[in-house]
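A structural walkthrough
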Amino acid sequence: MAQASVARPRMRKRQRPNVVGGLLGFFWLVLIIGPIYYVVITSLKDQADYYSSNALGIPTNPTLRAYRIVLQNDFLHYFINSLIVAVVTVAVVVAISLMASYVIVRRSSRIVHLSQRVFLLGIAIPIQATIVPVYYLIVQLHLYDTLPALILPGIAFAIPITVLILVNYLRDIPNELYDSMHADGASDWRTFISLVLPLSKPAITTVAIYDALNCWNGFLFPLILTQSEDKRTLPLSLWSYQGEFNSDIPAVLAAIVLSCLPILAAYIIGRRQLVAGLTAGFGK
Amino acid sequence: MSSDGTAAAAADRPTSSGAEVLLRKKEPLPDADPSGPGSPRRSISASSPKASRKGPSLWMLAPAVAFFAAFGLVPLLGTVVLSFCDWNGLGSPTFSGLDNWTSVLKDGSTYHALWLTVLMCVGTFVVQFPISLLLGVFMAGQQRYRAVMSVLYFLPLLFSAAAIGIAFKNLLDPNFGVSNALHLGLLQQDWLGSPTLAFWVIIAVVSWCFIPFHSLLYQAGARQIPKSLYEAAQLDGAGRVRCFFSITLPQLKYTMVTSTTLMIVGALTAFDLIYVMTNGGPGDATRILPVDMYLDGFKSNQMGVASVVAVILIGLALSFALLLNKLSGSDRMESQMEGM
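Residues numbered from 1 in each chain as written. Chains lettered and ligands numbered in written order. Predicted model: local features only at pLDDT ≥ 70, side-chain atom pairs only at ≥ 80, totals over all residues. Heavy atoms only, no water.

You'll find chain B entered in an unreviewed UniProt entry as ABC transporter, with Flexivirga endophytica given as the organism. According to the UniProt record, the Sequence similarities (unreviewed entry) comment for chain B is "Belongs to the binding-protein-dependent transport system permease family." The Subcellular location (unreviewed entry) field of the UniProt record for chain B holds the comment "Cell membrane". (UniProt positions renumbered as here; feature names shortened; annotations may be inferred.)

Going by what an unreviewed UniProt entry lists, chain A is known as ABC transporter permease and is assigned to Flexivirga endophytica. Recorded under Sequence similarities (unreviewed entry), the UniProt text for chain A is reproduced unchanged: "Belongs to the binding-protein-dependent transport system permease family." Listed under Subcellular location (unreviewed entry) in UniProt, the entry text for chain A is "Cell membrane".

Dropping the structure here:
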């Protein structure tokens, strides 16, 4: 792409700047930032200020009171639950999906094709529609109200899209590399560890971030598969704070801000990879 | 692909024979006999590796397939089975024939939920499609300010539906939210309390959540359109609008199919936002199928009825996806996976 623009020295520079586009883009920006701005400023108000001041006004005397309340109400506990679920889920999903993708790219047989089709089906059907049997399964396995109850289905439902993204990436590894590994007598595992794994690092990063995001923000599984406060994850805790803090809205919104901070940090560090990961599976 | 017909056929049969081949491979291989039947793997040193090798062991595929089968496929089939059962969520399900189906199909509220779901799909599509498309094309531009804006546009994707739902619920609060902040008559509404308004508010919030994702797809698509097309068109005197309709739109055809499919599946499953914001209410004004399913199953303890709703939901999603694939004239999803 860059080459093309260099090769053709500005034949006719883009006409006038796109004023209409810029204005609409700016308008959309306001729509996106507005609610975020509201959440942040409100979380810095005290309760009296919340009731008396303009909802979109800057707090008269900003305070971190709301954040203290949230942190005193087991926020860190929920945070750690979310962290455990996300880390375990993502680690397992990426490991087994990468193995599967390696087979899918390098092997052609009916079983492999069938598996691919099944994974594609997994992308097309709404996963939510299977929660009743998932609930049944988890109860039967005596896992109800445990963190594994969130991890196991989480892994399963992340596999299809993870495989799709990884397969698209692995396709670009030249066959010659595999062949030469093979000619050197390397086993499947050896090839996997010393060729596939290092070469697919960028794809692994993107897909891991993507899966982590989904897992971190997951609401349905925790809602249905857990019950006790002890096993609550962050999104569910936001929901229950709403009831617990009765109408201490700044505290509820402070919890929202806190729950978003880790993801925001990840976004700042790895924005490119995150964005790439989101479209890798779909757009071309 | 394999020169050895019998071995290939054996490996291509379902799991058991595939496993046999795998087991055979694990045996020590004393002296390779490339011509021997059923031993394509042994010919590594003899002929070119490509022709002789079948690829890595199927065991490496097994964990992913097993996981997805256990917690994805089995539940998928289980939904159908449970739709013919009576189960209150405790104890064990008992077979009840078509009872759930007849009660669901006789119940007017099901059709209401179905109608709302279709309306939700259409509504979110009508809102999201043009905005995502324009935004994506806009973001695909190389200008610096657009890059900066894109960073911010992407923010809604980072937040959980629960967070977004709760934030909007408070923002739209009739007493302490935006209604009173801007002193605009138009904005002074009980957004989520009015049955007619609530549904449209949900559509707006769903769009707010998902437009960033779809515009990302369009951005990626638009960046792949060869620049030369635009340069040629400009030489011919085509303006910006003309370029958009004659080049950008047709070139984004596949992106549109992918994005539309995901939009519709997304609308079909917009559970968490609605649950948090309105819980299907006021009344049943926002009780679309997934919400209906949840409330039937986990609030009214009628898991069988919930499963019927789930089957309808799955049917809807699959037919939408297939229809779009057909309409686009190409099996996009599959063509991505095949062609190796």
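This part is about the overall build of chain A. Broken down by element type, chain A carries 14 helices and 0 strands. Taken from N to C terminus, the helices and strands of chain A fall in the order α-α-α-α-α-α-α-α-α-α-α-α-α-α. Taken across its 284 residues, chain A has 55% of its residues classed as buried. Of the contacts formed within chain A by residues at least 6 apart in sequence, a portion of 72% connects residues at least 24 apart. Per element, the accessible surface of chain A, about 12,600 Å² overall, is 65% carbon and sulfur. (Helix = DSSP H or I, 4+ residues; strand = E, 2+ residues; numbered from the N terminus. Buried < 20%, exposed > 50% of the residue type's maximum accessible area, 1.4 Å probe, protein only. Contact = heavy atoms within 4.5 Å. Areas by Shrake-Rupley, 256 points an atom, 1.4 Å probe, with all protein chains shown as cover.)

Next up on the list: the confidence of the model for chain A. Residue and element names in this part refer to chain A. With 92% of its residues at a pLDDT of 70 or more, chain A shows a mean pLDDT of 84. Per-element averaging of pLDDT across chain A places helix α1 (residues 2–7) at the bottom with 44 and helix α5 (residues 75–106) at the top with 93. Counting contacts from residues 1–12, a segment whose pLDDT is below 50, to residues more than four positions away or on other chains yields 7 contacts. (pLDDT = per-residue confidence, 0-100.)

To continue, consider the UniProt feature "transmembrane region" (unreviewed entry) in chain A. Within this structure's numbering, the places UniProt gives as "transmembrane region" (unreviewed entry) are residues 20–41, 78–105, 117–138, 150–170, 191–210 and 249–269 of chain A. Note that residues 117–138 of chain A is 73% helix and 0% strand, and that its end C-alpha atoms are spaced 26 Å apart.

With that settled, the discussion passes to the nonpolar core. Of all hydrophobic cores here, the largest spans 170 residues; its most connected members are V70, L225 and I256 of chain A together with Y153 and L158 of chain B. The leading source of residues in this core is helix α8 (residues 147–170) of chain A, at 16 residues. (Core = buried A, V, L, I, M, F, W, Y, C linked by side-chain atoms within 4.5 Å.)

For the rest of this paragraph, the subject is the UniProt feature "transmembrane region" (unreviewed entry) in chain B. All names here are of chain B. The residues that UniProt annotates with the feature "transmembrane region" (unreviewed entry) are residues 58–84, 113–138, 150–168, 197–218, 254–277 and 303–324. In this annotation, residues 254–277 is assigned 92% helix and 0% strand; the end-to-end C-alpha distance for the span is 34 Å. Structurally, residues 303–324 comprises 100% helix and 0% strand, and the distance from its first C-alpha atom to its last is 31 Å.

Across the contact, 114 residues belong to chain B and 110 residues belong to chain A. Together chain B and chain A conceal approximately 10,700 Å² of surface at their shared face, both sides included; 73% is due to carbon and sulfur atoms. The tally of links from chain B across to chain A stands at 0 salt bridges. Applying the counting rule to chain B against chain A returns 8 residue pairs in polar contact (both at pLDDT 80 or more). (Buried area = accessible area lost by both parts, 1.4 Å probe. Salt bridge = Lys/Arg side-chain N within 4 Å of Asp/Glu carboxyl O. Polar contact = N/O pair within 3.5 Å; in protein donor to acceptor, adjacent residues only side chain to side chain.)

Looking at the secondary structure, you find D248 of chain A in the loop between α13 (234–244) and α14 (249–280). Residues contacting D248 of chain A, with those up to four places away along its chain left out, are Q47, R65 and I69 of chain A.

All right, on to the side chain of S82 of chain A then. Residue and element names in this part refer to chain A. Of note, S82 is situated in helix α5. Taking the relative accessible area as the measure of exposure, S82 reaches 4% and is therefore buried. Other than its neighbours up to four places away in sequence, S82 contacts W216, T233, L234 and P235.

Once that is clear, we can look at the pattern of salt bridges. Here the structure, examined in full by the defined rule, presents 6 salt bridges over all chains. Where R65 of chain A meets D248 of chain A, a salt bridge forms, and the shortest distance between an N and an O atom there is 3.2 Å. Of the two residues, R65 of chain A sits in helix α4 (residues 65–72) while D248 of chain A sits in the loop between α13 and α14, which places them 183 residues apart along the sequence. The exposure class of D248 of chain A is buried, given its relative accessible area of 7%. Salt bridges sharing partners connect three or more residues here, namely R287, D292 and D296 of chain B.

Turning our attention to a nonpolar patch on the surface. Taken together, the side chains of W115, V118, V122 and V126 of chain B define a hydrophobic patch exposed on the protein surface, amounting to about 370 Å² of accessible area. Its location among the elements puts V126 of chain B in helix α6 (residues 108–140). (Patch = residues over 30% accessible without salt bridge, like charges linked within 9 Å, V, L, I, M, F, W, Y side chains within 5 Å.)

On to the confidence of the model for chain B, then. Per-residue confidence for chain B gives a mean pLDDT of 78; residues scoring 70 or more make up 78%. In this model residues 1–52 of chain B is a low-confidence stretch, pLDDT under 50, and it forms 61 contacts with partners more than four residues away in sequence or in other chains.

Here we take up helix α13 (residues 253–268) of chain B. Its 16 residues place the ends of α13 of chain B 23 Å apart at the C-alpha level, agreeing with the 22 Å of an ideal helix rising 1.5 Å per residue. Most of α13 of chain B sits out of view: 14 of its 16 residues are buried. (Expected span 1.5 Å × (residues − 1).)

Moving on, we come to the packing of α5 of chain A against helix α10 (residues 188–199) of chain A. Residue and element names in this part refer to chain A. One way to put it is that α5 packs onto α10 with a least axis distance of 11 Å and a crossing angle of 105 degrees. Our classification of the angle between α5 and α10 gives roughly perpendicular. Contacts between α5 and α10 involve A95, L98, M99 and Y102 on the former and, on the latter, D188, W189, T191, F192, V196 and L197. For the contact of α5 with α10, the residue count by class is 8 nonpolar, 1 polar and 1 charged. (Axes fitted to C-alpha atoms, helices over the stretch in contact; angles between N-to-C directions. Parallel < 35°, antiparallel > 145°, perpendicular 65-115°, else oblique. Nonpolar A, V, L, I, M, F, W, Y, C, P; charged D, E, K, R; others polar.)

On to the packing of aromatic side chains. Under the criterion given, the structure shown has 28 aromatic pairs over all chains. Relative to W216 of chain A, the ring of F79 of chain A lies with its centre 5.4 Å away and its plane at 80 degrees, an arrangement referred to as edge-to-face. Here F79 of chain A, found in helix α5, pairs with W216 of chain A, found in helix α11 (residues 201–217); they are 137 residues apart in sequence, far enough to count as distant. Residue class for F79 of chain A comes out partly exposed when judged on its relative accessible area of 23%. We classify W216 of chain A as buried; its relative accessible area is 8%. Both rings, one in F125 of chain B and one in F129 of chain B, keep their centres 5.2 Å apart while their planes meet at 20 degrees; by these two values the pair is stacked. In this pair, F125 of chain B and F129 of chain B both sit in helix α6, 4 residues apart, roughly one turn of the helix. Taking relative accessible area as the criterion, F125 of chain B reaches 26% and is therefore assigned partly exposed. (Phe/Tyr/Trp six-rings, centres within 6.5 Å; stacked < 30°, edge-to-face > 60°.)

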